[in-house]
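An overview of the molecular structure
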Amino acid sequence: VEQEFRALYVARAPALRRTAYLLCGDWHQAEDLVQVAFTKLYGNWRRVDSPDAWLRQVLVRSWVDETRRPWRRERTTSALPDRPVVEELHEDREAVRSALRRVPPRQRACLVLRYFEDLSVTDTARVLGCTEGNVKSQTSRGLDALRALVPDREALC
Amino acid sequence: MNPLDLHDLIADEPPYFLLPDDAVRAGRRRRSRRRALAAGTTAAAVTGTALALTAGGGGPTSQLQVGASQSPSTAALPGDPITQVVRQHTPASWSIDEVTVDPKDGNDYTGWQGYVDDGQGRARLYLGFSPHPGSLQQHPCGDPEFVQGASCVETQLGADRRLVVRGVRPVGHVKSVFVVIVHTDGGGVSLDADNATFPAEPPAGTVVTPAEKLAYSTGTVTRPAPPYTTDQLVELAKALDELSV
C-alpha cells in the first residue's frame, strides 16, 4: 500500500501544488494544502476508488473552507498595488496573477479547475460539490471579473 | 477556444522539496488518532505524553520515572516493549523523553517517536513499523527520492532481510540518518534519527497556519548531528525488527 501511495505522491504532488498555488497564491500554503490532501488520503486509501480525483477534491474543498475562516478571509482592494517596473511579460503575468487572487474563491476555483486542470463542467461540479449550472455561472462571473481587472491582457481572450 | 491561460502564472514555480515520507508519517499519525478515538482511547495517548525515562544501571535494572503525564493512560507506556528496547539500546547516561507510541494496528506496532539527549542537545528519534507485506521498497538505494544525494548502502542480513543505511542528506539544515530493515515480503522497520526537535502536533482537528505547519516540518536544529551513531542505530533496528516479527 505504501509503495502505491508513495508512487502516487511522487507522480501527482507537484502538479497538485501548482493547482493549489493558483488557488491560494502562495507556494508555502500550496504545499500545506497538498500535504493535507495526501495525509487525508493515506487514512482513506482503502476506501478511495479514484485517488487522483479524490485528492483534487479534498485539496480544492480544503482551500475553499480555509477562505471561509474569519481570520483567513482575504481582503480585496479597489486598486492593484503599485509594482516596480518590470519587463512586459513579467508585468502581464503579475497583473493576471493579482487579478486572479481578487476573484472570489469559488469563482477562482472554477477558473482554475476549468482552465488549468482542463476539467469538464461536470467534473468541476463534482469536485466543488455543486450543480453544473452553478459551475457555469461561477465560471462566467469569474471570467468577467478577470476581464474587468485586466482588460488589456492577452491571456484573457 | 480556451478564454483563459493560467499556465504562465506558474512559470516561476520554486523547486519541490516535499517528500512522500512526510505525508506517510502524517498519514500514519492521523490514522492512529482516528483509530484511537474510535476505540475510545484517550487522544493524549496518541498525541504524545511527557514521559521521562532515566536509566539507573541500564538493561533490566533500568529505573523508569514518569513525569508530567498528560493522561492517566500514559502510565502504561513504561511497559511498552518498543520503549524498553529503545532504552536498552541507548546509552544509560542519555535521557529519553516526550515518548509517543502510536496505537497498534491489530497486534502490530505502527510508530514510535521520542526525544533523546546525550547531553549535547535533544533530538528526535522516529521509528516506523511496516508489518504489512509490500509496504517498503526492496532496494530504496536505487530510488533518488529516498537517497536525496546522501550515501546509501544496502547489506543483506541472512536470506530474508536486508539492511539499508542512508547517510546524512547534503541539503537542508536538519540532518537525519535513516536505517531500514526490509524483509523479502516488503515489511520491516525504519529508524529516523534527527539533530532537531519539532513542535508537538496539535490535537486532531486543530487548524494550523502555514507558518505553524512550516515550523513543524522544519524543526529546530539542536545539535550538529544526530546523537546516535550509525552502528547504534543498526543495532537498535535489529532489536526492533526481532521484536516486531
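Counting starts from 1 at the beginning of each chain's written sequence and moves along it residue by residue. Each chain is given a letter, starting from A, and each ligand a number, starting from 1, according to the order in which they appear as written. Whole-chain, interface and lining totals are the exception, using all residues; otherwise, since this is a predicted model, local features are given only for residues with pLDDT of at least 70 and side-chain atom pairs are given and counted only at 80 or more. Computation of side-chain values: all heavy atoms of the structure, hydrogens and water removed.

Our focus in this paragraph is the overall build of chain A. Secondary structure elements are taken from DSSP: a helix is a run of H or I of four residues or more, a strand is a run of E of two residues or more, and numbering for both begins at the N terminus. Helices and strands together make up the secondary structure of chain A, namely seven helices and zero strands. Each helix (α) and strand (β) of chain A, taken in turn from the N terminus, gives the series α-α-α-α-α-α-α. In chain A, which comprises 157 residues, the share counted as buried stands at 51%. Partitioning the contacts of chain A with sequence separation of at least 6, the portion at a separation of at least 24 is 62%. When the accessible surface of chain A is summed, it comes to about 7,800 Å², and 48% of that surface belongs to carbon and sulfur atoms. The buried label goes to any residue with under 20% of its type's maximum accessible area, the exposed label to any with over 50%, and the partly exposed label to all in between, with areas taken from a 1.4 Å probe on protein chains only. In what follows, a contact means two residues having at least one pair of non-hydrogen atoms within 4.5 Å. We get accessible surface area from the Shrake-Rupley algorithm with a probe of 1.4 Å; when it comes to residues, only the shown protein chains can shield them.

Helix and strand counts for chain B stand at six helices and nine strands. A buried classification covers 47% of the 245 residues belonging to chain B. Considering only intrachain contacts with a sequence separation of at least 6, the fraction spanning at least 24 residues in chain B is 54%. Accessible surface for chain B amounts to roughly 10,800 Å². Of this, 56% is attributable to carbon and sulfur atoms.

Attention now moves to the confidence of the model for chain A. All names here are of chain A. Per-residue pLDDT for chain A averages 81, and the proportion of residues at 70 or more is 81%. Note on scores: pLDDT gives the predictor's confidence for each residue, bounded by 0 and 100. When the elements of chain A are averaged for pLDDT, helix α4 (residues 88–102) gives the smallest value, 78, and helix α5 (residues 105–115) the largest, 93. Scored below 50 in pLDDT, residues 70–81 makes 16 contacts in the model with residues more than four places away or belonging to other chains. Predicted confidence is poor over residues 83–87, with pLDDT under 50, and the contacts of this stretch with residues over four places away or in other chains come to three contacts.

With that settled, the discussion passes to the confidence of the model for chain B. All names here are of chain B. Averaged over every residue, the pLDDT of chain B is 73; the share at 70 or more is 65%. Of all secondary-structure elements in chain B, the lowest mean pLDDT belongs to helix α2 (residues 44–47), at 30, while strand β5 (residues 161–166) reaches the highest, 93. Under a pLDDT of 50 for its full length, residues 36–78 has, in the predicted model, 72 contacts with residues more than four places off or in other chains. Here the complex is predicted with pTM 0.46, and the ipTM for its interfaces comes to 0.75.

The subject of this paragraph is the environment of Ser95(B). For Ser95(B), the location among the structural elements is in strand β1 (residues 95–101). With 20 residues separating them in the primary sequence, Ser95(B) and Tyr115(B) have C-alpha atoms 8.1 Å apart.

Next up on the list: unusual backbone geometry. The phi torsion at Asp118(A) lies on the positive side, around 60 degrees, for a residue other than glycine. Structurally, Asp118(A) is set in the loop between α5 and α6 (121–128). What makes Asp118(A) exposed here is its relative accessible area of 55%. Notably, Glu98(B) is not glycine yet its phi reads approximately 50 degrees, a positive angle. In this structure, Glu98(B) sits in strand β1.

Residues and elements named next belong to chain B. The buried count for β5 comes to six of six residues, which makes it a mostly enclosed element. Burial along β5 is two-sided: Arg161, Leu163 and Val165 and Arg162, Val164 and Arg166, pointing in opposite directions, are all buried. We treat two strands as partners when DSSP finds at least two bridges between them. Here six bridges tie strand β4 (residues 152–157) to β5, and the two strands are oriented antiparallel to one another. Bridge pairing in β5 links cysteine 152 to arginine 166. Between the end of β4 and the start of β5, which pair antiparallel, lie three residues, with glycine 158 showing a positive phi angle near 70 degrees. One ladder, built from six bridges, connects β5 with strand β6 (residues 176–183); its direction is antiparallel. Across the sheet, residue valine 164 finds its bridge partner in β6, namely valine 180.

The next point concerns the sheet that holds β6(B). Sheets are built from strands paired through backbone hydrogen bonds, the pairs being either parallel or antiparallel. Residues and elements named next belong to chain B. Strand order across the open sheet formed by seven strands is β1-β2-β3-β7-β6-β5-β4, with antiparallel pairing between neighbours. What marks the edges here is a single partner per strand, and that holds for β1 and β4. Neighbour-to-neighbour, the strand axes of this sheet turn through a mean angle of 15 degrees, independent of strand direction. Of the strand pairs in this sheet, strand β3 (residues 122–130) and strand β7 (residues 188–194) are connected by six bridges, and their pairing is antiparallel. Pairing of glycine 128 across the sheet is with serine 190, part of β7. Throughout, an axis means a line fitted to C-alpha atoms (over the contacting stretch in the case of helices), and angles, computed between N-to-C directions, take values from 0 to 180 degrees.

The bond known as a disulfide is covalent and runs between the sulfur atoms of two cysteines. Residue and element names in this part refer to chain B. Counting rule for disulfides: a pair of cysteine sulfur atoms within 2.5 Å. Under the counting rule described, the total for this entry stands at one disulfide over all chains. Here cysteine 141 connects covalently by a disulfide to cysteine 152, the sulfurs 2.0 Å from one another. Judged by the sign of its S-S torsion, about -80 degrees, the cystine formed by cysteine 141 and cysteine 152 is left-handed. Separated by 11 residues along the polypeptide, cysteine 141 in the loop between β3 and α4 (144–147) and cysteine 152 in strand β4 bring together distant segments of the chain. For cysteine 141, a relative accessible area of 21% gives the class partly exposed.

Among the residues of α6(A), those classed as buried are Val121(A), Thr124(A), Ala125(A), Val127(A) and Leu128(A). Angular distribution of buried residues about the axis of α6(A) spans 160 degrees; they occupy a single face of the element. Working note: the arc is built from the helix axis to C-beta atom directions.

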